[in-house]
Every structure is written in C-alpha cells, then in structure tokens.
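Structural characterization, general
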Amino acid sequence: MRFAARFLILYGSQRGQAQSIAEEICQQAAEHGFTADISCLSNQHKYNVDREIRPVVFVVSTTGDGDPPDTAHKFVRKIKNKSLVHDHFSHLRYALLALGDTNYANFCNGGKTIDSRLQQLGAKHFYATGHADDGTGLEVVVDPWIEGLWDALKKIFSSMSSSNQQSADLSDCTQDNYHKNASGQEKNKSGLEVDLQLLKLSEVDSQKGKTITSDSSDVETLSTALVASLKQSVPPLSESVLNVPALPASYLEVCLEQVSTEGETVPSDKDGYREVSISKAVQLTQDDAVKNAILLELDISEQSIAYQPGDAFDILCPNRASEVEELLLRLDLQTQKNCAVQVNLLKNSTAKVPLHIPQSGSLQFILTWCLEIRSAPKKAFVRALADFTQNGSEKRRLLELCSKEGSADYNSFVRDTNVCLLDLLRAFPSCLPPLSLLFEHLPKLQPRAYSAASSSLQHPGKVHFVFNVVEFPACPEHPARTGLCTGWLADHVSSILRPLGTVPASEHLGTSSQPKVHVRPRPSSTFHLPADPSIPVVMVGPGTGVAPFIGFLQQREKEREANQEATFGETWLFFGCRHKDKDFLFRYELERFEHNGTLSHLIVCFSRDEPDAAGTVNTPTYVQHNLRLHAKNVASILLKNKGSLYVCGDAKNMAKDVNDTLLEIIGNELQIDKLDAMKIVAGLREEKRYLQDIWS
Ligand code: FAD
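The structure displayed is predicted, hence computed values, not measured ones.

**Remarks on the overall build of the protein**
- Within the protein one finds 20 helices and 27 strands.
- Contacts in the protein between residues far apart in sequence, at least 24 positions, make up 76% of those at least 6 positions apart.
- For the protein, the accessible surface area stands at approximately 31500 Å², while carbon and sulfur atoms represent 49% of it.

Following this line, the structure appears as structure tokens:
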C-alpha cells in the first residue's frame with residue numbers, strides 16, 4: 001500500500017508564506033503516516049493535475065488586487081483554458097488552503113479563483129477549503145485546518161482503497177472537526193474561530209444533495225458534495241431519459257462437465273511459445289525510485305531461439321489467482337472450477353466460438369490463461385450485464401454507464417480508471433451474469449511484449465529485457481494493484497531478485513529452481529542497426545525505452561572489437577529519467593560504452609532532480625529538450641549524413657514530443673514551414689531512417 005498514503009502538495013507563494021505552510025504540511029505528513037510530494041505551482045514539469053490520482057493539497061496566497069501569486073499565473077491560465085471540458089478534473093480529489101488579508105479587497109481571491117475553477121471542471125473536495133486571514137493572524141485558521149487535514153486524508157485514502165465504499169460521502173471529511181457555536185460562528189474543537197467556508201461541506205444534506213444555506217454564492221461549491229461515482233449518478237444524468245445501446249444477441253452456450261481437469265496449470269507449447277528459465281532478475285532502480293524497473297535474463301540456450309537487438313519477445317502471463325478465485329466465488333462457480341468447459345454456438349447463431357477459448361479446458365484454466373479479466377468492460381458488455389442485475393437502482397446505474405447520456409461517466413469511472421469486470425461485480429452486488437456472457441464479452445488475454453535489451457554476441461544463449469512494474473494506485477473504483485504482466489513477473493522472480501551490483505544467488509542454484517516463463521520471439525522487420533556500421537545513428541530512449549539501445553550498443557561494442565579497422569559512424573544516445581541516483585537505468589554500462597567509444601555522445605537529463613548548485617534555470621528536463629540543444633548535430637546526421645533516428649518508449653507523450661521537436665529542428669535548419677518539415681519527416685520514415693518502437 002506504498003501508494004495508498006501518498007499525496008501531493010502544490011503551493012503558490014508570493015512572499016514565501018504559502019511555501020512555508022506547504023513545507024510545514026509536508027513535514028508533518030510523515031508524523032501522520034503519509035508521504036507527501038511537494039512542488040511549487042510554477043514547476044509544471046514536476047506534476048500533472050490533468051492525470052493526478054493522489055489527493056492534492058493546494059496552499060495558495062493572494063497578491064495585488066486579489067490576484068493569484070506570480071508563481072501560480074501559468075497554472076491559473078492553464079486551468080482557465082476555455083477548451084477544457086466540464087469534467088476535465090473529475091478525477092481530482094483536493095483540499096485548498098487560501099491565504100489572504102481582510103484589510104484588502106477580494107479576500108483570499110488567489111485561492112478562490114483556483115478553487116472555483118477546479119470545481120467547475122469537476123474536481124471534488126475531500127476537505128473543506130480554509131481561508132486564512134493575515135489581518136488577524138494566519139495561524140488562527142491555518143493550524144486547525146492542518147490539524148483536521150490528517151483525518152480528512154485518512155478518510156479519503158480509506159474510501160479510495162475500500163471498493164465497498166466507492167460512493168463515499170466526501171462531505172463527511174469535515175464533520176468531525178468543526179461545530180457551530182451559539183452565535184452561529186464556526187469553532188473548531190479547540191474553540192478557535194474559523195472561517196465560515198470551512199463548514200460548507202458539512203452543511204450539506206448529503207442524502208438529498210441540498211444545501212441548507214440560502215446564500216446563492218455558496219450553492220456552486222456545495223452542490224458538488226453529492227458526487228457522482230461508479231455506483232451513483234447525480235443530476236442531470238440521474239434524471240435523464242437514457243439512450244442505451246441495443247442488447248447484444250447471446251450466441252454461446254456453455255456447459256460444465258464433471259471431469260476432473262486438475263493439474264492443468266500452464267498453457268501447452270502451442271503458438272510458438274517455449275518455456276524457458278529466468279536465470280537472473282536484477283532490480284535496476286533504488287527502493288525510493290518512483291518506478292520499480294527490473295531486468296530479467298532468460299536462458300534460451302536450449303531452445304535455439306535466435307534474435308537481433310531491436311526484436312522483442314512476447315511473454316505469456318496469467319490472471320492473478322486471487323482475482324480468478326474471487327470471480328469464481330462471485331459467480332457461485334467455485335466448486336466447479338475443475339470442470340471441463342464445453343462451449344457451443346446457440347442454434348441459429350451465425351457467430352463463431354472465440355478461438356481463444358479451448359474446448360475441454362477447465363474453467364479455472366480458461367479464466368486464468370485465456371480471458372483478459374482485467375480489461376475495462378466495453379459498453380456493450382455493461383449493457384448486457386444490466387440485464388442480469390436484480391436491484392433496480394444498480395440496473396439503472398449500469399444502463400446509465402453504457403448510455404449516450406452517461407458517456408462522460410463511463411469514461412471517468414470505467415475506462416480511465418481501468419475498472420474491470422470484478423470491480424463492477426463488487427460495485428453492483430445484485431449483478432449475476434451467466435458464464436456464457438463472460439465468454440462472449442471478455443477479450444483474449446494477450447501476451448505482453450518486451451524489447452530485447454541485450455545482444456547475443458555479448459550474452460550467448462541469453463536474452464535480457466527490462467520493465468517497469470506498472471502500478472495502479474487505489475481509487476474509489478478499485479483497490480491498488482499492479483499491471484497484469486509486470487506485477488506477475490515481479491512476484492514470480494521475487495525469490496531470485498537482487499539489487500544491482502550484488503552477487504547473483506541464482507547462479508548457485510540449479511536451473512530446476514529457477515522460475516520459468518513462456519516466451520515467443522517477436523521479430524521486428526525494421527528496428528535494427530543499419531547494416532552499414534559507418535552510418536551515424538541517433539537513439540532516443542528515456543526510461544525503459546533505452547532497452548533496445550543497450551542491445552544495439554552491446555552489438556556495436558563486439559563488432560568494434562572484432563573489426564578494429566572498420567569505420568563506425570557516430571552514435572548518439574538521448575536518455576532521460578527522474579533522478580540521476582535513483583532510476584538511471586544501465587548507468588554504468590552506458591558510461592562504459594561512452595568511455596570506450598562505442599557511444600560517441602551520451603546525453604542525459606533528469607526530470608525531477610533540482611537544478612544544479614549554480615541554479616541553472618533551463619536545465620533540460622526531457623529528452624526533447626536535449627534534442628533541441630543538439631539540434632545542429634541531429635539535423636546534420638539526418639539531413640546531410642544519411643543517418644537514422646530511433647525512438648523507443650512511451651507512445652503517449654514522449655514519442656509525440658520528440659516528433660514535434662524533430663519537426664521544429666528540421667524546420668529551423670532548412671528554414672521551411674511546418675508542412676514542409678512534415679514532408680521531410682514523412683520521407684525519413686519511408687526510407688526507414690526514422691524508426692519508432694513505442695508502447696503505451
Ligand atoms: P496492464 O495490466 O496491461 O496495464 C497496462 C495498462 O495500463 C494500459 O492500458 C496502459 O494504458 C496503462 N499503463 C501502462 N503503463 C502505465 C503506467 N506506468 N502507469 C499507469 N498506467 C499505465 N514495456 C516495458 O516495460 N519494457 C519494454 O521493453 C517493452 N517493450 C515493448 C515492446 C513492444 C513491441 C510493445 C508492443 C510493448 C512493449 N512494452 C514494454 C509494454 C509492455 O508490453 C506492457 O504493455 C507493459 O509492461 C504493461 O503490461 P502489464 O500487463 O503489466 O500492464
């Protein structure tokens with residue numbers, strides 16, 4: 001539950017007060033069992049509220065004529081962007097402490113501006129906003145506000161981790177801490193007078209979603225206390241007439257036969273998969289790194305599997321035993337898990353039995369190895385589930401989620417939160433679908449691909465790959481969990497996993513005690529080093545995207561040793577990670593390549609390290625910034641020397657940013673407009689001189 005208690009503090013400070021309060025909160029967090037990350041709002045590369053799923057605590061001061069502090073200007077501009085949709089921040093749970101001075105106009109307006117815009121865009125309070133007055137002493141509000149924060153955080157974390165409390169009433173978060181005194185002013189338990197605003201959420205009749213106060217300026221803040229969740233909708237959706245998709249026709253009939261199929265625990269070697277030993281598992285990152293990267297070495301010597309750097313391998317991974325077990329229990333099929341499954345088409349159906357469901361496999365086997373039970377149920381599946389739901393309000397909610405009107409809710413509570421079938425069954429206890437429905441709708445459990453991070457010239461009979469353990473923190477829709485394959489692999493190799501630089505215990509063990517895995521080569525037709533070694537190459541691979549380039553460079557190192565007379569082109573590697581000392585993958589190997597000339601230029605950047613002692617402001621943060629700094633060289637390699645550009649890693653952000661930077665570099669170099677630069681880049685792709693190996 002490492003992530004369950006982690007939250008983010010963002011401060012906007014003009015004269016340092018908001019900053020020091022934020023730092024105080026950060027310091028106290030540890031005493032209360034939390035881990036807090038902290039950043040100034042101006043450091044936009046250090047946080048991303050667009051996707052933040054941890055609770056966020058804002059501390060914002062006010063300056064001038066009720067303006068946000070200078071350090072918050074960019075942030076305010078960003079959230080005020082008119083193109084943002086009404087639910088843009090629906091994932092965000094936050095608390096805000098606004099600082100101001102009642103001697104000036106527009107008290108606390110810096111914080112209020114941010115607060116009201118976040119609310120407009122669907123963000124939800126997990127703790128009432130505090131408004132502290134420098135005129136009377138900030139501490140009068142700040143201290144009790146911080147005191148109450150810890151309970152509110154505990155509640156939000158526990159509601160995030162408890163799947164049964166998905167519709168937790170966030171307004172509860174403040175109720176215990178404050179009460180009204182006889183004169184109608186609010187006091188906290190220690191008797192200090194606090195701003196009226198602090199009570200707003202607790203004044204809501206959460207059952208009816210109505211506000212007790214009649215002050216119209218309060219209504220906007222208060223109405224958000226009754227929040228939508230996976231289980232519950234709010235008006236207008238809850239009152240809408242729904243357009244739901246047509247019920248998909250059933251086409252399968254599933255019979256369970258009482259033949260014992262016990263012992264069938266792994267898939268057979270069909271489809272080209274081979275079972276190989278994992279001979280080494282090394283943790284490449286420090287324990288306190290944000291992501292946990294692991295290198296695996298597979299022993300492929302007995303399987304005569306050939307590969308080249310740039311190829312990948314498919315790995316078969318099972319669904320979690322605990323999830324399969326829970327699903328069986330939930331469907332009341334626990335006692336039949338070893339039965340053989342017979343799947344037939346219903347009469348008159350023109351569909352086909354899905355090829356990924358084997359005939360006569362046991363129920364447990366099929367749920368473990370054949371069906372992707374973690375995938376977010378498609379709307380058609382949700383529609384079909386509604387028809388097997390007894391409780392009226394649960395059925396209504398499922399219909400809403402698959403309806404045209406409920407599209408935004410489906411995106412927020414199902415698709416974007418990676419909700420799976422089991423999460424839905426937990427949230428809707430009266431839903432009891434038949435097995436045939438699962439077989440009709442659950443997709444095939446796909447293997448996961450990993451790029452080779454080695455060359456067989458350097459590691460004969462072995463292949464390496466490296467992966468980050470994907471983490472999905474707890475949220476109201478589901479408990480914390482790890483990515484299916486990466487989480488399984490991490491567990492699977494835990495007995496042989498060792499930190500970087502330590503002696504491998506596994507070498508003393510026989511291969512019989514090494515964990516095994518089913519793999520299949522997934523050759524790439526293009527992502528290879530140029531056949532002519534004199535051609536210069538530029539490689540861009542932040543994080544685990546460096547994997548294939550380690551293979552390239554190991555290959556080059558060996559080729560250089562074997563052909564000392566040959567001409568080798570320049571090699572550039574642009575690498576990036578968060579912290580130099582925590583997640584600089586393959587650091588020593590890369591430095592060796594640079595030292596012995598295999599790598600002509602190793603260009604690195606660290607996105608979360610503080611700027612150096614000299615206080616350099618424009619330290620490159622991401623690989624594209626370094627590409628820009630070396631624009632002349634990159635352009636010359638691609639445009640004059642017929643070189644190649646390789647990009648590997650995150651498809652969502654990095655690859656796009658690198659592509660944009662490339663257009664910019666080419667545009668500037670050739671003094672052409674964007675459209676013409678795009679044509680040149682398209683040409684590079686066609687000539688296979690701009691190659692991508694990207695994944696999301
Ligand atoms: P899943 O349970 O499948 O969850 C993945 C889902 O989570 C996806 O929907 C994705 O959108 C989302 N997601 C992915 N990463 C994150 C994240 N960090 N935080 C939050 N959500 C996330 N991966 C490597 O680590 N190393 C490699 O060398 C590598 N090479 C690849 C080569 C190819 C050709 C391809 C196609 C993919 C490669 N991948 C690599 C990606 C890899 O195949 C898996 O997709 C990845 O490891 C996640 O698998 P999982 O089963 O653990 O996650």
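Here the narrative resumes.
**Overview of the confidence of the model for the protein**
- Of all residues in the protein, 86% have pLDDT values of 70 or greater, and the mean over the chain is 86.
- Taken together, the stretch residues 163-225 has pLDDT below 50 and engages in 116 contacts with residues farther than four places along the chain or on a different chain.

**Side note on the nonpolar core**
- Core analysis: the largest hydrophobic core is formed by 48 residues, its most contacted members being Leu-230, Leu-327, Leu-438 and Phe-439.
- Elements represented by at least two residues in this core include exactly helix H7 (321-330), strand E16 (340-345), helix H8 (363-370), helix H9 (379-386), helix H10 (392-402), helix H11 (407-415), helix H12 (421-427) and helix H13 (435-441).
- It is H8 that provides the largest number of residues to this core, a total of 6 residues.
- With residues near it in sequence (within four places) discarded, Leu-327 still touches Leu-367, Ile-373, Leu-421, Leu-422, Leu-425 and Leu-438.
- Counting 31 residues, the second-largest nonpolar core is a separate cluster that includes Leu-99, Leu-153, Phe-157 and Met-160.

**Thoughts on the site of the ligand**
- Inspection of the region around the ligand gives 19 residues, with Arg-448, Ala-449, Leu-484, Cys-485 and Thr-486 positioned closest.
- Interatomic distance of 2.9 Å between a backbone N/O atom of Val-466 and a nitrogen atom of the ligand.
- Separating an oxygen atom of the ligand from a backbone N or O atom of Leu-484 is a distance of 2.7 Å.
- Alone, the ligand offers 970 Å² of accessible surface; in the complex the protein occludes 75% of this.
- Those elements that provide at least two residues to the shell around the ligand are strand E17 (448-451), strand E18 (462-468), helix H14 (484-492) and strand E27 (690-695).
- Among the elements that take part in the shell around the ligand, E17 stands out by supplying 4 residues, more than any other.
- Here the residues of the shell around the ligand are counted per class, giving 9 nonpolar, 5 polar and 5 charged.

**Here's the deal with the sheet that holds strand E25 (residues 601-606)**
- Reading across the sheet, the 5 strands line up as E25-E24-E23-E26-E27 and stay open at both edges, with parallel pairing between neighbours. Looking at strand neighbours, the two that pair on one side only are E25 and E27, the edges of this open sheet. On average, each strand axis in the sheet is tilted by 10 degrees relative to the strand beside it, whichever way the strands run.
- Summarising the sheet, strand E23 (residues 537-540) and strand E24 (residues 571-577) pair through 4 bridges and their orientation is parallel. Bridging from a neighbouring strand, Val-537 pairs with Thr-571 of E24.

**Topic: the packing of aromatic side chains**
- Scanning the entire structure with this criterion turns up 20 aromatic pairs.
- Centroid distance Phe-7 to Phe-34: 6.0 Å. Interplanar angle 85 degrees. Geometry classified as edge-to-face. Highlighted residues: Phe-7 in strand E1 (residues 6-12) and Phe-34 in the loop between helix H1 (17-31) and strand E2 (35-40), separated in sequence by 27 residues.
- What makes Phe-7 buried here is its relative accessible area of 0%.
- Overall, Phe-34 belongs to the buried group, its relative accessible area being 7%.
- Chaining the aromatic ring pairs together yields one cluster made of Phe-7, Phe-34, Trp-150 and Phe-157.

About the cut-offs
- Counting restarts for each chain, with residues numbered from 1 along the sequence as it is written.
- Only residues with pLDDT of 70 or above have their local features reported here, since the model is predicted, and side-chain atom pairs are shown and tallied only from 80 upward, although totals for entire chains, interfaces and linings are computed over all residues.
- Excluded from the side-chain calculations are hydrogens and water; all other atoms, namely the structure's heavy atoms, are used.
- Strands here mean DSSP runs of E at least two residues long; helices mean DSSP runs of H or I at least four residues long; both are numbered from the N terminus.
- The contact criterion used is simple: two residues touch if any of their non-hydrogen atoms lie within 4.5 Å.
- What sets the accessible areas is the Shrake-Rupley method with a 1.4 Å probe; for residues, cover comes only from the shown protein chains.
- Looking at any residue, its pLDDT shows the predictor's confidence there, from 0 to 100.
- Working definition of a nonpolar core: buried Ala, Val, Leu, Ile, Met, Phe, Trp, Tyr and Cys residues. They are joined through side-chain atoms within 4.5 Å.
- Throughout this description, buried means an accessible area under 20% of the type-specific maximum (1.4 Å probe, protein chains only), exposed means over 50%, and partly exposed covers the range between.
- For each residue, the test is whether any non-hydrogen atom lies within 4 Å of the molecule or strand; if one does, the residue is near.
- Pairing of N or O atoms within 3.5 Å defines a polar contact, subject to two protein rules: one partner must be a possible hydrogen donor and the other a possible acceptor, and residues neighboring in sequence count only if both atoms are side-chain atoms.
- Residue classes follow a fixed rule: Ala, Val, Leu, Ile, Met, Phe, Trp, Tyr, Cys and Pro count as nonpolar, while Asp, Glu, Lys and Arg count as charged, and any other residue, Gly among them, counts as polar.
- We call two strands paired when DSSP finds no fewer than two bridges between them.
- Here the axes come from fitting lines to C-alpha atoms, over the contacting stretch only for helices, and the angles between their N-to-C directions go from 0 to 180 degrees.
- Two rings from Phe, Tyr or Trp (for Trp, the six-membered ring) form a pair when their centres sit within 6.5 Å of each other. Planes less than 30 degrees apart are called stacked, planes more than 60 degrees apart edge-to-face, and all others tilted.

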